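Below, each chain spelled out in residue letters.
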Amino acid sequence: ILMTLDQNCVFCKIVNGEIPASKIYEDEHVLAFLDISQVTKGHTLVIPKNHHTDLFDLPQETSKHIYSVVPKLASAIKQTYNAEGLNMVNNNGEVAGQTVFHYHVHLIPRYGKGDGFG
Ligand code: 5GP
Ligand code: ZN
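Rules of the game
Residues numbered from 1 in each chain as written. Chains lettered and ligands numbered in written order. Predicted model: local features only at pLDDT ≥ 70, side-chain atom pairs only at ≥ 80, totals over all residues. Helix = DSSP H or I, 4+ residues; strand = E, 2+ residues; numbered from the N terminus. Rg over C-alpha atoms; globule rule 2.2 N^0.38 Å. Buried ≥ 20, exposed ≤ 12 C-beta atoms within 10 Å, placed from the backbone. Contact = placed C-beta atoms within 7 Å. UniProt positions renumbered as here; feature names shortened; annotations may be inferred.

Named according to an unreviewed UniProt entry, the protein chain is HIT family protein originating from Halalkalibacter alkalisediminis.

Now the structure itself:
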C-alpha cells in the first residue's frame, strides 16, 4: 500500500504507531481516535491515514472514505456515551482554528448545558 506520511506530523505519527492513541476505529484508509484533550467525554478525531493538510488538499476519493464512516462512527459514539447530540467540526487553516495540519473531523458528543463545548 502506498502511503503518504509527513514525518513532522503528529497524526502521521499516530498512523504509523510512533506515538500512542486511543483508537476507536481503523480500516485501510481511515483512523479514528480519542482527542488528547477532550472538550466533552468521547471527543473523537477521524482522519485519513494519508497526509492531507486540510479540506482544500483532500482528494475526492479520500473524502469518500472519510465520510463513508463518519455517520456510523457518530452514531456509535452517541450511543456508547449516551449523548443527546453531537457536533461534527472541521477547522481548515490557522485562521479557522486549525492547529494540527493533517485533515481531521472532530466528533464531539453533547450532553446538554455546561457540557464544555459551545
Ligand atoms: P484542530 O484545532 O486542528 O481542529 O484540532 C486538533 C486537535 O488535535 C485538538 O483538539 C488537539 O487536542 C488534538 N491533538 C493534538 N495533538 C494530539 C495528540 O498527540 N494525540 C491526540 N489524540 N490528539 C491530539
Ligand atoms: Zn500527517
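Tallying secondary structure elements over the protein chain gives two helices and five strands in all. Start at the N end of the protein chain and walk to the C end: the helices and strands fall as α-β-β-β-α-β-β. The C-alpha radius of gyration computed for the protein chain amounts to 14 Å, which stays within 12% of the reference 13 Å derived for 118 residues, consistent with globular compactness. Once the C-alpha set of the protein chain is aligned to its principal axes, its extents read approximately 45 × 30 × 30 Å. Counting only residues that meet the buried cut, the protein chain has 26% of its 118 residues in that class. Long-range pairs, those at least 24 residues apart, make up 58% of the contacts in the protein chain with a sequence separation of at least 6.

Our focus in this paragraph is the environment of Asn91. Within the element layout of this structure, Asn91 appears in the loop between strand S4 (85-89) and strand S5 (105-110). Once the C-alpha coordinates of Asn91 and Leu31 are considered, the two residues, 60 residues apart in sequence, prove to be 18 Å apart. Excluding its chain neighbours within four sequence positions, the residues that come into contact with Asn91 are Ala96, Gly97 and Gln98.

Time to look at the UniProt feature "domain: HIT" (unreviewed entry) in the protein chain. In the UniProt entry, the feature "domain: HIT" (unreviewed entry) is given for residues 10-118. Counted over residues 10-118, helix gives 25% and strand 23%. Its end C-alpha atoms are 26 Å apart.

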